[in-house]
Amino acid sequence: MLNVAAVLGRRFALPVLQLVTGLDDRSLLIHLRAGIDARLLSPSGPVADRYEFRHALVADALLADLLPGERAAIARRAAGEVERAYPGLPGEWRQLVAVLRQSAGEPEAAARLFAEAAEEARQGGATESAVALLERALELVGGDGAATAAASGIREHLVHALADSGRFDQARDLARTLPLGGPAALGDDRTAALHLRLARAAVTAGRFVDAAEQAALVRALLGPDAGPERTCALEVVEAHLALAGAGGPAGAEGAPEVPGHRGEVPEGELRTAAAERLARRAAERAEAAGLAEVACQAWQLLALLERRHGFDRADRCLRRLLDLAARHRLPGWQVDAQLRLGVNEFMRVGESVQLERAHRAALDLGALDLVRSAEATLAMHAVLRGDYARARALTDQGLEASARLRNVDHHQFLLLTRAMVAAHQGRRAEMNEVLAEFDRWNGAESLQLPLAHGNCRAVCALLEEDRALALAEFDRARRWEARHPSVFYLNGAHGLHPLLRALAGAETAEEHAARTAADHAAALAWNRQFERLAHAVHQGRAGRAAAAEQAVAEAAPGRPARSGWPATSGCGWSPRRRSPTAGASRRGGCAAPRSTSTGPGCRPWGPPAGACCARPGPASRSGAAAPSRFRSRCADGG
């Protein structure tokens, strides 16, 4: 009995052991008790019929006593018994039979079963498990150099799994080993699907040149007569390329028509409109064709683009995505939608409950790419509420992985977050060093570049009491956004910059009110604190002390308004009547309130707290943060 158990593995199921040995219940329990008394076996886990060898060496020694033919015969018999007892091999049984077929000297059958188990794991979102199983299957059919149809099929699935796990370079290199002709070739349709997956992986990684190259290959393979059900997935990729400015002239398709004034439409608006039209058309066609995963990809991008019209509209897109994923049993997309809803929640109201829940769900699923996205966003959240130690720890563990995987977009976001850690503590040399690394990672082409100007350099300048330099950095960000799509909203342009303009007298109360009414991003938690202080400045200058105090109270809910707060000091209602700029410049110019009753989500104003002033509340829930990236299945923001 022990020999059979060793062939089944270190951990084995009692029903399978009984099937293979043919022992009746009484005899089986006698042998089992003897093994337990001899301290060779022990119960394994909470399931009553699972047992294991107490030490791996025991199982190894028992296997060593068997002749190769004996071991193969036991494994073959065990595989057959399991297949008869569990038709279809659900759950863990497929992997067990794959191992047994391998031990029985049947590599082709074992490889097929490992590949089927990998596909089941991939569909369940466990991408790393899928990669490991497919690599094992590929070894069984001859490795990368094998030129059989079975080997090509396994390599094809492995390319998809590697792309799912964020390993674009490895996936692309493996795809290049596939034969272009002969019986082992995939054919045009499967080859097109493979390059389409690589294009999506490149978009996710922010590698738009690679994505455009792969998309061109797909378009050529599909041909000019391909129907919409075959091109809708490609249109999602092309929508991302249009947004990034890598898909041909901006506005070539989907741009807003302004009769006689097309040249006056900002470049960023042209690109955003083109991307939205492509994505919306792809979503409609994918849903009509029953292509749930493609529809999820399209709604994911639409959720990002709809932010410019309001986060409620973005959330509606994400709930549509979540519903599709739930109905079609796509757990990876379910977690992706939950993660993005969590990002929107704490950007809008300063809560991170949903984000933390999605992070746990990604961990439970084993979807490491989603885990990394959630942790990058949580790092940004930590910066904005002044928890610099946690932000540094999260970026440390993420930067190594994103650099290894060449996930450019994710790596850029983490570098910006690390630069913010330095900037919000007034450490210019450290900030400049990190931003130089950001530039080396093609940061000048990133849609996240305004964060470097606003939430890094401008904030650091304010802590150095150089308000002119801070305003110059905000102006640089504004000019950049006029030429590029704007999908990130925590760069200071919607809150801190208007406050500095108010203090400098560069904007009237009426202009401020009109701009705020038209700017939905001004209502986001991180931006609103500064916008309300700007409003207080205007009210104070107009002599409306009660209105100014009310605005200050709205900037920091739950704490009493104080006439000594820097933003409104001297603006018509403070007893000391300081100049409109004195209070802000005294503490670095970044007008966050100071208070004797600072909550765990908000630090007293002044170094080293920097510009961090988030909504008071439990440390795990307060603050506002930027989503981790514009790509893919992960969270976007900033």
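This structure is a prediction, so every number in the text was calculated from the model and none was measured.

J.: What exactly am I supposed to notice about the packing of helix H15 (residues 292–305) against helix H16 (residues 311–327) here?
T.: When two helices pack together, their arrangement is given by the angle between the helix axes and the distance between those axes. Where H15 meets H16, the axes come as close as 8 Å, and the angle between the chain directions of the two elements is 165°. Considered as vectors, H15 and H16 are oriented roughly antiparallel to each other. In this structure, the crossing between H15 and H16 has a hand that is left-handed. Each of Ala295, Cys296, Trp299, Gln300, Leu302 and Ala303 in H15 lies in contact with H16, whose residues at this interface are Ala314, Cys317, Leu318, Arg320, Leu321, Leu324 and Ala325. In the contact of H15 with H16, the residues fall into 11 nonpolar, one polar and one charged.

J.: For this particular structure, what's the right way to read the pattern of salt bridges?
T.: Between side chains of opposite charge, a pair can form as their charged atoms come close. Evaluation of the coordinates by the stated rule reveals 48 salt bridges. For the salt bridge of Arg207 with Asp169, the shortest nitrogen-to-oxygen distance reads 2.8 Å. Of this pair, Arg207 sits in the loop between helix H11 (188–204) and helix H12 (208–222) while Asp169 sits in helix H10 (residues 168–175), and the two are 38 residues apart along the sequence. Residue classification places Arg207 among the buried positions, given a relative accessible area of 11%. Residue Asp396 is joined to Arg418 by a salt bridge in which the shortest nitrogen-to-oxygen separation is 2.3 Å.

J.: Is there a simple way to explain the state of the cysteines in this structure?
T.: Within this structure, the stated rule accounts for zero disulfides. Cys456 forms no disulfide, and the closest cysteine sulfur to it belongs to Cys460, at a distance of 9.0 Å.

J.: Please clarify how the packing of aromatic side chains should be interpreted in this entry.
T.: For the structure on display, the rule yields four aromatic pairs. Between Phe311 and Tyr489, the ring centres sit 6.0 Å apart and the planes meet at 70°, which makes this aromatic pair edge-to-face. In this pair, Phe311 is assigned in helix H16 and Tyr489 in the loop between helix H24 (467–483) and helix H25 (496–503), connecting sequence segments 178 residues apart. A relative accessible area of 4% means that Tyr489 is categorised as buried.

J.: Just checking my understanding: could you explain helix H14 (residues 267–288) for this structure?
T.: Along an α-helix, residues three or four apart share an orientation, since each turn contains 3.6 residues. With 22 residues, H14 should cover 32 Å at 1.5 Å per step; its first-to-last C-alpha distance of 32 Å lies within 8% of that length. The positive-phi residue at the C-terminal boundary of H14 is Gly290, with phi of around 75°.

J.: Would you explain the side chain of Ser42 in this entry?
T.: Locating Ser42 in the fold gives a position in strand S2 (residues 41–43). Other than its neighbours up to four places away in sequence, Ser42 contacts Tyr51, Glu52 and Arg54.

J.: I keep staring at the sheet that holds strand S3 (residues 50–53) and nothing clicks. Help me out?
T.: Through backbone hydrogen bonds, the strands of a sheet pair up, either in parallel or in antiparallel fashion. The three strands are arranged S1-S3-S2 in an open sheet whose pairing can be described as antiparallel. This sheet does not close on itself; its edge strands, each paired only once, are strand S1 (11–13) and S2. Along the sheet, successive strands turn relative to each other by an average axial angle of 35°, direction set aside. The pairing of S1 with S3 spans three bridges and is antiparallel. Bridge pairing links Phe12 to Tyr51 in S3.

J.: Help me understand the packing of H24 against H25, please; the structure alone is not making it clear to me.
T.: For the pair H24 and H25, the least separation of the axes is 10 Å and the interaxial angle reads 130°. By the criterion of interaxial angle, the relationship of H24 to H25 is oblique. Crossing hand, H24 versus H25: left-handed. Packed against H24, whose contacting residues are Arg467, Ala470, Leu471, Phe474 and Asp475, the element H25 presents Leu496, His497, Leu500, Arg501 and Leu503 at the interface. For the contact of H24 with H25, the per-class residue count stands at six nonpolar, one polar and three charged.

Basis of the calculations
- Each chain carries its own residue numbering, running from 1 in the direction its sequence is written.
- Only residues with pLDDT of at least 70 get local features here, since the model is predicted, and only at 80 or more are side-chain atom pairs given and counted; chain-wide, interface and lining totals rely on the full set of residues.
- The basis for every side-chain value is the complete set of non-hydrogen atoms in the structure, without hydrogens or water.
- With axes taken as lines fitted to C-alpha atoms, and helix axes fitted only over the stretch in contact, angles between N-to-C directions fall between 0 and 180 degrees.
- Helix numbers and strand numbers start at the N terminus; a helix is a DSSP run of H or I with at least 4 residues, a strand a run of E with at least 2.
- Here roughly perpendicular refers to angles of 65 to 115 degrees, roughly parallel to angles under 35, roughly antiparallel to angles over 145, and oblique to all remaining angles.
- The sense of a crossing depends on the near helix, which, turned anticlockwise from the far helix by less than a right angle, makes the crossing left-handed and, turned clockwise, makes it right-handed.
- Whether two residues are in contact is decided by their heavy atoms, any of which lying within 4.5 Å being enough.
- Gly is placed with the polar residues, together with every amino acid not listed as nonpolar (Ala, Val, Leu, Ile, Met, Phe, Trp, Tyr, Cys and Pro) or charged (Asp, Glu, Lys and Arg).
- When a carboxyl oxygen of Asp or Glu lies within 4 Å of a side-chain nitrogen of Lys or Arg, that pair is called a salt bridge.
- Three labels apply to residues, based on accessible area from a 1.4 Å probe with only protein chains included: buried if under 20% of the type maximum, exposed if over 50%, partly exposed otherwise in between.
- To count as a disulfide, a pair of cysteine sulfur atoms needs to be within 2.5 Å.
- Each Phe, Tyr or Trp ring, with Trp reduced to its six-membered ring, pairs with another whose centre is within 6.5 Å; inter-plane angles below 30 degrees give stacked pairs, above 60 give edge-to-face pairs, and intermediate values give tilted ones.
- A helix is expected to span 1.5 Å multiplied by its residue count minus one.
- Between any two strands, pairing holds if DSSP finds at least two bridges.

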